[in-house]
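Architecture and fold: a report
Take a look at the letters that make up each chain.
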Amino acid sequence: MENNDPVQLAEQGRQAYANGHHLIAADLFARSAQAYAAAQDELNAAEMKNNQSVALLQAGKAKEALEATDDTEAIFQKAGDLKRQGIAVGNRAAALEGLKKYDEALAEYERAASLLEQAGEGDMHSVVRKTAANLNLKRGRITAAQMDVYDSLRLVEKPNVTQRILKFLRRIGFVK
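Residues numbered from 1 in each chain as written. Predicted model: local features only at pLDDT ≥ 70, side-chain atom pairs only at ≥ 80, totals over all residues. Heavy atoms only, no water.

Observations regarding helix α6 (residues 82-98)
If you check α6, its first and last C-alpha atoms are 24 Å apart, about what 17 residues at 1.5 Å a residue would give, namely 24 Å. Within α6, burial applies to Arg84, Gln85, Gly86, Ala88, Val89, Gly90, Asn91, Ala93, Ala95, Leu96 and Glu97. Among the residues trailing α6, Lys100 stands out with phi positive, at a value near 65°. (Helix = DSSP H or I, 4+ residues; strand = E, 2+ residues; numbered from the N terminus. Expected span 1.5 Å × (residues − 1). Buried < 20%, exposed > 50% of the residue type's maximum accessible area, 1.4 Å probe, protein only.)

Overview of the side chain of Arg129
Tracing the sequence through the fold places Arg129 in helix α8 (residues 122-138). Arg129 sits in the buried class, given a relative accessible area of 8%. Within the structure, the side chain of Arg129 is placed 2.7 Å from the side chain of Glu110, a separation counted as a polar contact. (Polar contact = N/O pair within 3.5 Å; in protein donor to acceptor, adjacent residues only side chain to side chain.)

Concerning the packing of helix α2 (residues 22-38) against helix α3 (residues 42-58)
Each pair of packed helices can be described by the angle between their axes along with the distance between the axes. α3 packs onto α2 with a crossing angle of 165° between their chain directions and a minimal axis gap of 8 Å. By the angle between their axes, α2 is roughly antiparallel relative to α3. In the packing of α2 onto α3, the handedness of the crossing is left-handed. Along the contact surface, α2 presents His22, Leu23, Ala25, Ala26, Phe29, Ala30, Ser32, Ala33, Tyr36 and Ala37, while α3 presents Asn44, Ala45, Met48, Lys49, Asn51, Gln52, Ala55, Leu56 and Gln58. For the contact of α2 with α3, the per-class residue count stands at 12 nonpolar, six polar and one charged. (Axes fitted to C-alpha atoms, helices over the stretch in contact; angles between N-to-C directions. Parallel < 35°, antiparallel > 145°, perpendicular 65-115°, else oblique. Left-handed = near helix turned anticlockwise from the far one by under 90°. Contact = heavy atoms within 4.5 Å. Nonpolar A, V, L, I, M, F, W, Y, C, P; charged D, E, K, R; others polar.)

Regarding the pattern of salt bridges
A side chain of one charge can pair with a side chain of the opposite charge when the charged atoms of the two come close. Taken as a whole and judged by the stated rule, the model has 10 salt bridges. The salt bridge partner of Arg92 is Glu108, with a shortest N-O separation of 3.2 Å. Note that Arg92 is positioned in helix α6 and Glu108 in helix α7 (residues 102-118), a separation of 16 residues in sequence. Between Glu110 and Arg129 there is a salt bridge whose closest N-O contact spans 2.7 Å. Taken together, the positions of Glu110 in helix α7 and Arg129 in helix α8 put the pair 19 residues apart, joining distant regions of the chain. Ionic contacts of the salt-bridge type, sharing partners, join the residues Glu73, Arg92, Glu108 and Arg111 into one network. (Salt bridge = Lys/Arg side-chain N within 4 Å of Asp/Glu carboxyl O.)

Digging into the packing of α3 against α6
Relative orientation of the contacting elements α3 and α6 amounts to 30°, with a least axis distance of 10 Å. For the element pair α3 / α6, the angle class is roughly parallel. The two elements α3 and α6 meet at a crossing, and its hand is left-handed. Every residue of α6 that contacts α3 at Leu43, Asn44, Glu47, Asn50, Ser53, Val54 and Leu57 is listed here: Arg84, Ala88, Asn91, Ala94 and Ala95. Tallied by class, the residues present in the contact of α3 with α6 amount to six nonpolar, four polar and two charged.

Here is the structure:
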């Protein structure tokens, strides 16, 4: 008998992901999304599609990861859930980066950071900005990378030692 409990499927997906079995996790998250959709729970279905996207990206399946994000942003936007909307856009950006569509990825990282900032998610905003900084750095855009790093520091809620030093140096004008 096939398991159609979305909660159990999601938990099995998380366990598979934690054990490095990304394709199995992606399948379990997809099945969980389908079960949530059948129960007319579109928010949790969209959440599972985002989890599926992350697992697929980890498995090297960027195209499928991008497809998994389809419509998830709109569902979270409709629900007024800025945090999950920002995460969905960030997942889309990561998939685009995996497809080497760097300009599109940077635009999506920018949107994700903005949404996460609006949601009051300073630490998540910081992670997205650092990811954009790394991509800008790989592309030789040093100034853009610096701006992303500095912006990532602005909202971080619990800065580590390095982040505190950078904030201090920026405040006194030593780094711009």
